[in-house]
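Summary of structural features
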Amino acid sequence: MGIMERLATSDHASIVSMNLFVALLCACIVIGHLLEENRWMNESITALIIGLGTGVVILLITAGKNSHLLVFSEDLFFIYLLPPIIFNAGFQVKKKQFFRNFMTIMLFGAVGTLVSWAVISFGATQLFKGIDVGDFDIGDYLAIGAIFAATDSVCTLQVLNQDETPLLYSLVFGEGVVNDATSVVLFNAIQSFDLSKIDHTIALHFIGSFLYLFFTSTCLGVIAGLLSAYIIKKLYIGRHSTDREVALMMLMAYLSYMLAELFYLSGILTVFFCGIVMSHYTWHNVTTSSRITTKHAFATLSFVAETFIFLYVGMDAMDIEKWSFVSDSPGTSVAVSSILLALVLLGRAAFVFPLSFLSNLAKKTSSEKITFRQQIIIWWAGLMRGAVSMALAYNKFTSSGHTHLRANAIMITSTISVVLFSTVVFGLLTKPLIRFLLPISKSSSSFVSSDAGTPKSINIPLLDNQQDSEIDINGQEIVRPSSLRMLLTTPTHTVHRLWRKFDDTFMRPVFGGRGFVPLDPGSPTERNPH
């Protein structure tokens, strides 16, 4: 067979694979719609189960020789699939709720991840000794801790409702974004540091590195968002083409992520804060038709990427190459998976309850405190492990998606098992658990805003109209502090008021945003005179 014939055969195989994959994505969407009212299922679990089923069918058709259409690639995940999901989450998050709980989110996302990592790493070091796993050094155990400390913020988006449980949503999802960033930074630090000589300087170096990455990544995202707002406001691109302003928003958001990766920063944090800034300024500077387009385009890209990831993970779970390595000792694989799952449960409990207690000490009113029932849901909803854990495990224990050592194969199959079990079992039980512990009151519907001037879905509001006002969530005006004591007792409300004043005076005249009307004729935000 000639070179051209082999290439043609390879191209045709890729076309067949993509056809089947796109057809499966369509099936996931249709089945997900049919199961919309189901109290147990959600689209991530549906896609995962369809992926598993497809893997089994391909195994049967190929007589056990092959089980997946595409080899899992962490590059595909981190470069193409994750950015639209995280950006859309930042673009549509309720900013007031998010920043009101910012310190708690940082406490859970950064400190909590480190606690979880320490518990999982130490537990694996001690418990793996009694099992014939293979030769792992201290760097491998620390990497395992980082891999399984990474929560699945994608699945969290689907099991928690932003309007029914706004506090829980902002805490769990906000923590998930910071957690993913922290886990990736931690994993890369472990890979790059010389761990043969561990001392206090390495710990200090890591803390400094994390703080540097967090602040620089956040600043890069904010700068990219402000730049897009300034360009669109100044050039009035929408006068000639709404397609250009929509394309510019999308490309500027993606550019911020890729620049972060280029400079070895956290792309997750960068694109998340870029989404927040774009929703606050850029989105209000574009034409009305572009607002509708961007709102649905970002949500659609995020939705397709989420479905693709779970379908992808489900199909790759049936890869016969990896399971063949552990077929002679299935008990070892089960034992490793069970230990890791137990450590994930323990590691999350080790920081959720103590840090919630510390967070509550700083809260002045009982309504702001995290109740024990809410703490249980925060602990449970963050137990799911997903594509970030998979991507980090593949990075550590495979070469180009293929496994050649038994110890590495055991870790990959154990990661797959933990991801599948946690996503399906914990994911299935999250909604019923929330309904059992926190019954929805009818008054919760009063939080739903019908304002069409914010980037939200028509049926599921994602940006509350009250988030930029000086009215508290109960409809009461915030008391403006007149002394240092009042400033310390109502810090959130005070900072919000000062930010509003700064935003109205300096930021909006330059970058636009809600309520800003340029004097120049033909501006995209110009309003018709009444």
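Just so we're clear, the structure is a prediction, and the values are computed from it rather than from any experiment.

So, how was this worked out
- Residues numbered from 1 in each chain as written.
- Predicted model: local features only at pLDDT ≥ 70, side-chain atom pairs only at ≥ 80, totals over all residues.
- Heavy atoms only, no water.
- Helix = DSSP H or I, 4+ residues; strand = E, 2+ residues; numbered from the N terminus.
- Buried < 20%, exposed > 50% of the residue type's maximum accessible area, 1.4 Å probe, protein only.
- Contact = heavy atoms within 4.5 Å.
- Areas by Shrake-Rupley, 256 points an atom, 1.4 Å probe, with all protein chains shown as cover.
- Salt bridge = Lys/Arg side-chain N within 4 Å of Asp/Glu carboxyl O.
- Axes fitted to C-alpha atoms, helices over the stretch in contact; angles between N-to-C directions.
- Parallel < 35°, antiparallel > 145°, perpendicular 65-115°, else oblique.
- Nonpolar A, V, L, I, M, F, W, Y, C, P; charged D, E, K, R; others polar.
- Core = buried A, V, L, I, M, F, W, Y, C linked by side-chain atoms within 4.5 Å.
- Expected span 1.5 Å × (residues − 1).
- Bend = angle between axes of the 7 residues up to and from the residue.
- Left-handed = near helix turned anticlockwise from the far one by under 90°.
- Polar contact = N/O pair within 3.5 Å; in protein donor to acceptor, adjacent residues only side chain to side chain.
- pLDDT = per-residue confidence, 0-100.

Observations regarding the overall build of the protein
Helix and strand counts for the protein come out as 19 helices and zero strands. For the protein, buried positions account for 53% of its 530 residues. Taking the intrachain contacts of the protein between residues at least 6 apart in sequence as the baseline, contacts between residues at least 24 apart amount to 81%. In the form shown here, the protein has an accessible surface area of approximately 24,500 Å², with 66% of it arising from carbon and sulfur atoms.

A short note on the pattern of salt bridges
Inspection of every chain in the model, using the stated rule, returns five salt bridges. Across the pair D140 and K396 runs a salt bridge, and its minimum N-O distance is 3.1 Å. On the criterion of sequence distance, the pair formed by D140 in helix α6 (residues 138–149) and K396 in helix α16 (residues 387–397) is long-range, its members being 256 residues apart. For K396, a relative accessible area of 23% corresponds to the partly exposed category. Of the charged contacts, one joins R508 and D504 as a salt bridge, the two residues approaching to 3.5 Å between their closest N and O atoms. Within this pair, R508 and its partner D504 are both found in helix α19 (residues 491–511), separated by four residues, close to a single helical turn. On the basis of relative accessibility, which here comes to 8%, the residue R508 falls in the buried class.

Quick word on helix α15 (residues 372–381)
Of all 10 residues in α15, seven are buried; the element is thus mostly enclosed. Buried residues of α15: Q374, Q375, I377, I378, W379, W380 and A381, and no others.

Concerning the packing of α16 against helix α17 (residues 406–437)
Axis angle and axis distance: for two packed helices, these are the angle between their axes and the distance between the axes, and together they describe the pair. Contact pair α16 / α17: the axes reach a minimum separation of 10 Å and the direction vectors enclose 180°. As judged from the angle between their axes, α16 and α17 are roughly antiparallel. Mapping the contact onto sequence places S389, M390, A393, Y394 and F397 in α16 and N408, M411, I412, T415, I416 and V419 in α17. In the contact of α16 with α17, the residues fall into eight nonpolar, three polar and no charged.

Overview of the nonpolar core
One recurring pattern in soluble globular proteins: nonpolar side chains tend to sit buried together. Counting residues in each nonpolar core, the largest one holds 132 residues, and the members touching the most others are F128, F148 and M411. At 15 residues, the largest contribution of residues to this core is made by helix α8 (residues 166–192). Setting aside anything within four residues of it in sequence, one finds F128 in contact with V133, Y141, I144, V336, I339, L340 and M411. Judged by nonpolar contacts, the second largest core, of six residues, contains A229, V277, Y281 and F511.

Some remarks on helix α3 (residues 74–92)
Over its 19 residues, α3 extends 26 Å from the first C-alpha to the last, a length consistent with the 27 Å expected when each residue adds 1.5 Å. The sharpest bend along α3 measures roughly 45° and falls at L82, with the proline P83 sitting one to four residues further on.

Describing the packing of helix α2 (residues 43–61) against α17
Packing of α2 against α17 leaves a shortest axis separation of 10 Å and a crossing angle of 140°. Relative to α17, the element α2 lies oblique. Remark: the crossing between α2 and α17 carries left-handed chirality. Side by side, α2 and α17 meet where I45, L48 and L52 of the first sit next to L420, T423, V424, G427 and L428 of the second.

Regarding the environment of F426
Examined against the element boundaries, F426 turns out to sit in helix α17. In sequence terms F426 and A381 are 45 residues apart; their C-alpha atoms lie 7.5 Å from each other. Here F426 is in contact with L341, L345, W380, L383, M384 and F421, once residues within four sequence places are set aside.

What to know about the side chain of S279
In this structure, S279 sits in helix α11 (residues 267–285). Within the structure, S279 has its side chain in polar contact with the side chain of K95 (distance 3.5 Å). Separated by 2.8 Å, the side chain of S279 and the backbone oxygen of I276 make a polar contact.

Focus on the confidence of the model for the protein
For the protein, per-residue confidence averages 79 on the pLDDT scale, and residues scoring 70 or more make up 80% of the total. Helix α18 (residues 484–489) is the least confidently modelled element of the protein, averaging 50 in pLDDT, while helix α10 (residues 242–262) averages 93, the highest of any element. Note on residues 518–530: pLDDT under 50 across the span, and 20 contacts to partners over four residues away in sequence or across chains.

So, the side chain of N179
Among the secondary structure elements, N179 is positioned in helix α8. At 3.0 Å, the side chain of N179 and the side chain of T113 are in polar contact. In this view, N179 contacts G109, T113, A149, A150 and T151; residues no more than four positions away in its chain are not counted.

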